[in-house]
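# A structural walkthrough
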Amino acid sequence: MTGLALAAGSGILYGSINVLAKPVALHPAWLATIMYVTSSLVLSPFGLKLRLQRKDLPKVFAMGLLGGGLAPLLLLHGLEKTAASDAGLLLTMEMVATAAFASTFIGERYRGRELVGLGALLVAGVCVALAGRSSGQSTWTGVFLVLGSAVAWGVDNTVSARLVGSYRPQGLIAVKGTIGGLVCGTWVLLTSPPWPEATQALAGAAMGIASIAVSSVLFYHALQRIGAGRTSALNIATTALVAALGGVLLLDERLVWWHGAAFLAVATGATLLSTHQD
């Protein structure tokens, strides 16, 4: 029961990014930088104790570059052109991307029920794209940016799967945040967005603590208790639900029938994927 609560808590905090990033109204480059630098600072005591083996350095660099840098930048830029509810549902494609990369590069295998579950998540993605077109709240550019972030996080998940068993999760997240913060900070220098106001920076820092640092720690501890299959399944379902509810209740977003079909597909996919044996 504790593992399920940890996975759900991680999904709630992670999914809140899609909703909270909009009223903060901070440039994506600044928001990503502040979130990941803050996450790194909060977990720095663990990061300083981390002793990486030389053979793992490329994996850690890839994890930070893609999962801490590219993915959040794509997501936050995508949120400027996408409804929070649509973005939350589209991020379920992260599970599909993770499965594809894990199967190709680390030999992870999926059975019939699980393949049907992954197919259901693909159907959900199509439904979300149609929902955005129907409601007029999301653009194709935004959809593809969010999908790009899901793919980048899929690579991150595949790489980190080989590291979690060897190192403390908090230390890995701290290093990932440091590399990601540097990548996002470089994007700030290249794009020269306006400086954030103090309230915006504080809001971004709070999101970094809750939605990045705490969410990631909860996720990795859930992995240790209930395995990757059930953790990921519950996490993606919770993320989608939080983003949709937050979008409707806090941002006055409108749901259409295609959203209902997407929710049904996500629920089906998450249920089938929860049987995956790690």
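Computed from a predicted structure; not experimentally measured.

### Some details on the overall build of the chain
Per the secondary structure count, the chain includes 11 helices and zero strands. Counting from the amino terminus, helix and strand elements in the chain follow one another as α-α-α-α-α-α-α-α-α-α-α. Expected size for 278 residues packed as a compact globule is a radius of gyration near 19 Å; at 17 Å, the chain falls within 12% of this value. Taking the principal axes of its C-alpha atoms as reference, the chain extends roughly 50 × 45 × 30 Å. Counting every position in the chain, which comprises 278 residues, the buried fraction comes to 54%. Considering only intrachain contacts with a sequence separation of at least 6, the fraction spanning at least 24 residues in the chain is 92%. Roughly 12,300 Å² of accessible area belongs to the chain as shown, and the carbon and sulfur atoms make up 69% of that amount. Here the chain contributes 17 positive and 11 negative side-chain charges, whose respective centroids are spaced 10 Å apart.

### Some details on unusual backbone geometry
Located in the positive-phi region is Ala-25, a residue other than glycine, with phi close to 55°. Despite not being glycine, Asp-252 has its phi angle at roughly 60°, a positive value. Along the chain, the position of Asp-252 falls in the loop between helix H10 (198-251) and helix H11 (257-273). Look at Asp-252 and you get exposed, because its relative accessible area is 68%.

### Some thoughts on the nonpolar core
Formed by 49 residues in total, the largest nonpolar core has its most connected members in Leu-76 and Leu-121. The element that contributes the greatest number of residues to this core is helix H2 (residues 28-42), accounting for seven residues. Apart from the residues lying within four places of it in its own chain, the contact partners of Leu-76 are Ile-17, Ala-21, Pro-28, Leu-31, Ala-32 and Met-35. Counting nine residues, the second largest nonpolar core, distinct from the first, contains Leu-163, Tyr-167, Val-175 and Ile-179.

### Topic: the side chain of Thr-239
Turning to its location among the elements, Thr-239 is positioned in helix H10. Judged by its relative accessible area of 2%, Thr-239 falls in the buried class. If sequence neighbours within four positions are ignored, Thr-239 has contacts with Gly-11, Tyr-14, Gly-15, Asn-18 and Gly-88.

### A few points about a nonpolar patch on the surface
Residues Leu-241, Leu-245, Val-248, Leu-249, Leu-250 and Leu-255 make up a contiguous nonpolar surface patch of about 570 Å² in total accessible area. Here Leu-245 is to be found in helix H10.

Reading guide: rules and limits
- Residues numbered from 1 in each chain as written.
- Predicted model: local features only at pLDDT ≥ 70, side-chain atom pairs only at ≥ 80, totals over all residues.
- Heavy atoms only, no water.
- Helix = DSSP H or I, 4+ residues; strand = E, 2+ residues; numbered from the N terminus.
- Rg over C-alpha atoms; globule rule 2.2 N^0.38 Å.
- Buried < 20%, exposed > 50% of the residue type's maximum accessible area, 1.4 Å probe, protein only.
- Contact = heavy atoms within 4.5 Å.
- Areas by Shrake-Rupley, 256 points an atom, 1.4 Å probe, with all protein chains shown as cover.
- Lys, Arg positive; Asp, Glu negative; His and termini not counted.
- Charge placed at Lys NZ, Arg CZ, Asp CG, Glu CD.
- Core = buried A, V, L, I, M, F, W, Y, C linked by side-chain atoms within 4.5 Å.
- Patch = residues over 30% accessible without salt bridge, like charges linked within 9 Å, V, L, I, M, F, W, Y side chains within 5 Å.
- Salt bridge = Lys/Arg side-chain N within 4 Å of Asp/Glu carboxyl O.

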